[in-house]
Amino acid sequence: MTKKIDDTTRYERLRERMGNGDIDRRSFLSLLGAAGITTGLSGGMMTSMASQARAAGTELNFEGWGGVVSEALRKNAFSPYEAATGNKVIDATFGGENEVLTKIKAAGNTDGHNILHSSGVSWYKRWVDNDMHTKLNEANIPNMANVMTAMTDAFRKITPDGLSAVPYNYGTTGIAYNTKHVTPEKAKELGANLLLDPSLKGKIGGWGGDWANRAWYGALQSDQDPNNIQDWDAVWDKAREHRDLVLKYWSSGAELMDLLAKEEIYVTEAWSGRVAALQAQGHPIAYMDPPNGLAWMESMFVLKGSPMEAAEELLNFMLDPATSIAVASGQKYPSALDPTKVEMPADVQALPAFDATGKLETLVFRDPETWNPEEKDQSKTWNRVQKGG
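Residues numbered from 1 in each chain as written. Predicted model: local features only at pLDDT ≥ 70, side-chain atom pairs only at ≥ 80, totals over all residues. Heavy atoms only, no water.

Okay, the packing of aromatic side chains next. As enumerated under the stated definition, the model contains 20 aromatic pairs in all. Between the aromatic rings of Trp123 and Trp127, the centroid separation amounts to 5.4 Å while the plane-to-plane angle is 40°, which identifies the pairing as tilted. Within this pair, Trp123 and its partner Trp127 are both found in helix α6 (residues 120-129), separated by four residues, close to a single helical turn. With a relative accessible area of 0%, Trp127 lands in the buried category. Measuring from ring centre to ring centre gives 4.9 Å for Trp207 and Trp271, while their planes differ by 85°; the resulting arrangement is edge-to-face. Here Trp271 lies in strand β7 (residues 267-271) and Trp207 lies in strand β5 (residues 204-207), a separation of 64 residues in the sequence. (Phe/Tyr/Trp six-rings, centres within 6.5 Å; stacked < 30°, edge-to-face > 60°. Helix = DSSP H or I, 4+ residues; strand = E, 2+ residues; numbered from the N terminus. Buried < 20%, exposed > 50% of the residue type's maximum accessible area, 1.4 Å probe, protein only.)

And the structure:
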């Protein structure tokens, strides 16, 4: 019997033990890495190119959002992947993708940038428009078969000849509030206008790093459809009103959680998973999605010039149900895997924005065809507004 068959048998036995409840997901991943098993993650054998990558010790540079999200990826995906393959994932934190795009443009190349935890369809199109995309060999990523087609179809509309990213998770940007200072009844009554409550002046926060986020909420507050804004002046007037009440604009998910946990702010728009993490820690933070609140899907985007076989191997590893579910549980965002194909545990089903149908029909996503053409002018307006203009 060859070693490859031995590895496959060992992998299948580990999966069977996990399925029977003899070991949990964490133990499964640890044993997988300790055994050096790299077959079976897709239900088949890894390619010879992957073996060559292991021998060479390929390095992959990953950039993400930091905090509990990066911790979950490191613990449940990157470290087991490194143990199983001999490759190395160098993970770093960014405050936003525009920061990475600016660095790449300044350098004139993508050296040191391989995989981004990218913010969905709008940014996918932006990377493609900047000619920084790749074409994944999906034959090397068989676990893609379990990903929701509602997500992959959105990306295929932009690059019908082949994907440059795999969808990985989704969530919403709703409103977080401290229940010691804001009642659920008040939050429900005011909706998006809770962020403009003058009685909370100096205890309100906001995400300052993304003009489109501020504009989305400005549209809601001026009674407009965010995907069909007719009056941009009204949008920025609401952003100014919000600015004058804000204690601080946060720039990362980690900072958002810190401000809420220390009760420096009582109200802010917030990412659903970060609020779920705070709730799990026992903080009195509630969360609501106002009508037409912003939903988003995130992907693992592979940039031009990356070592493709190693990247595809990592993406397939990350999409393995055991890995994807473990990361979803850790980072508090629902997995991109279709829950009608892959059974999700109770803790994932309980996450904000979780859609049991796998169709995502109840969520409102930003339309890149509407929003991306506005970026140049409206981002400049937001910069002026943020500075007091």
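Two numbers describe how helix α10 (residues 232-243) lies on helix α17 (residues 375-386): the axes approach to 10 Å, and their chain directions differ by 30°. If you check the angle between α10 and α17, you find them roughly parallel. Handedness of the α10/α17 crossing: right-handed. Between α10 and α17, the residues in contact are Trp232, Trp236, Ala239, Arg240 and Arg243 and Gln378, Thr381, Trp382, Val385 and Gln386, respectively. Per-class residue counts for the contact of α10 with α17 are five nonpolar, three polar and two charged. (Axes fitted to C-alpha atoms, helices over the stretch in contact; angles between N-to-C directions. Parallel < 35°, antiparallel > 145°, perpendicular 65-115°, else oblique. Left-handed = near helix turned anticlockwise from the far one by under 90°. Contact = heavy atoms within 4.5 Å. Nonpolar A, V, L, I, M, F, W, Y, C, P; charged D, E, K, R; others polar.)

With that settled, the discussion passes to the confidence of the model for the protein chain. Summarising the model, the protein chain shows a mean pLDDT of 87, and 86% of its residues fall at 70 or more. For residues 1-11, every residue scores under 50 in pLDDT, and the model assigns this stretch 18 contacts once sequence neighbours within four places are set aside. Note on residues 34-55: pLDDT is under 50 here. Beyond four places in sequence and across chains, it has 48 contacts. (pLDDT = per-residue confidence, 0-100.)

The next thing to look at is the pairing of strand β4 (residues 165-178). Across the 14 residues that make up β4, a large majority, 14, are buried. Across eight bridges, β4 lies against strand β9 (residues 294-302) in antiparallel orientation. Note that in β9 the partner of Ala165 across the bridge is Phe301. Bridging between β4 and β7 involves five bridges; their strand directions are antiparallel. Its bridge partner lying in β7, Thr173 is registered against Trp271. As judged from the four bridges shared by β4 and strand β8 (residues 285-288), these two strands associate in the antiparallel manner. Note on β8: the bridge partner recorded for Tyr177 is Ala286. (Pairing = 2+ DSSP bridges.)

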